[in-house]
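Breakdown of the fold
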Amino acid sequence: MTSKQIKWTSTNLPFARNKHLQLMIIIFILFFGLMAISPTDRSLWYAYNITPTIIILILAFTYKRFRFSNLSYLLMLVFFCLHTYAAHFTYEGTPLDDWLKTTFHTKRSHYDQVVHFAFGFFFAFPFLEILRSKVKLHGIWSYVLPVIVVLGFSAFFEILEMLAALVAGPSGEAKFVGMQGDIFDTQKDMALGLLGGIVSMGILAWIIRKRDHSAAAPD
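So, how was this worked out
- Residues numbered from 1 in each chain as written.
- Predicted model: local features only at pLDDT ≥ 70, side-chain atom pairs only at ≥ 80, totals over all residues.
- Heavy atoms only, no water.
- Helix = DSSP H or I, 4+ residues; strand = E, 2+ residues; numbered from the N terminus.
- Buried < 20%, exposed > 50% of the residue type's maximum accessible area, 1.4 Å probe, protein only.
- Contact = heavy atoms within 4.5 Å.
- Areas by Shrake-Rupley, 256 points an atom, 1.4 Å probe, with all protein chains shown as cover.
- 1 Å grid on protein atoms, 1.4 Å probe; cavity = no way out; pocket = protein on both sides within 12 Å on 5 of 7 lines; lining within 4 Å.
- Points joined across faces, edges and corners; volume = space filled by probe spheres on them.
- Nonpolar A, V, L, I, M, F, W, Y, C, P; charged D, E, K, R; others polar.
- Expected span 1.5 Å × (residues − 1).
- Bend = angle between axes of the 7 residues up to and from the residue.

**Considerations on the overall build of the protein**
Each helix and strand counted, the protein has nine helices and zero strands in total. Starting at the N terminus and ending at the C terminus, the protein contains elements arranged as α-α-α-α-α-α-α-α-α. When each of the 219 residues of the protein is scored for burial, the buried share is 36%. For the protein, the proportion of contacts with a sequence separation of at least 24, taken over those separated by at least 6, is 74%. Taken as a whole, the protein presents about 12,800 Å² of accessible surface, with 72% of it coming from carbon and sulfur.

Structure representation (structure tokens):
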């Protein structure tokens, strides 16, 4: 798989000319500002937003040295919006989970699992772009390595949740780990991130394969 095959949007535009990225930033600022108004738990809201803030600052300060494609920025925007939504309501108290519990009598909240899957699904392609710029990827490794990176970060975030819970004391497990009585919750979260990455790279492989067949077909 060559860079030409997966480079769908330009990464060479300076920020002043990248109107699509500017629009994405405006959308996120407006959504973040709306979700910052009267969150369910203000202290938890601060904690939830530490990691995304660090990531966004890194993206901003490294833009001149490394620019993702606008497709990658769009994928990251969707994930950050999903996380910001949960930070406002808390992961266990989103309106979606309230509806599921009322309608289907579910016992646990599932939005956190949706976001774990979304992390793998939406970040696998940006990870691919980073790896492509640093490592010469060929064949199956073009799809495998981004999934491995997704799994590594999924495990890393679970460790961060554990450390936050330890610092918070007796109430830390309920606030940051949120196992909700499931002893395999941590493993399931990592598995969902892994599955999201696999699905994302599978779709990419299918699109590229289909496009290659179309390009090779006689007129």
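**A short note on the layout of surface pockets**
Estimates place the volume of the second largest pocket at around 460 Å³. Along the walls of the second largest pocket sit 20 residues, with I55, I58, L59, F127 and I130 positioned nearest its centre. Among the elements of the structure, α3 (42-61), α6 (111-134) and α7 (141-168) are those that each provide at least two residues to the lining of the second largest pocket. Sort the elements by how many residues they give to the lining of the second largest pocket and α6 lands first, with seven residues. By residue class, the composition of the lining of the second largest pocket is 15 nonpolar, three polar and two charged.

**Details of the side chain of H116**
Looking at the element boundaries, H116 is found in helix α6. Those residues in contact with H116 that sit more than four places away from it in its chain are E158, D189, L192 and G193.

**Here we look at α6**
Taking 1.5 Å of rise per residue, the 24 residues of α6 would be expected to cover 34 Å, and the 34 Å separating its terminal C-alpha atoms lies within 8% of that figure. Taking the largest bend as the criterion, α6 deviates by roughly 40°, centred on F123, and proline P126 comes between one and four positions later.

Keep in mind that these numbers describe shape and distance, not what the molecule does.
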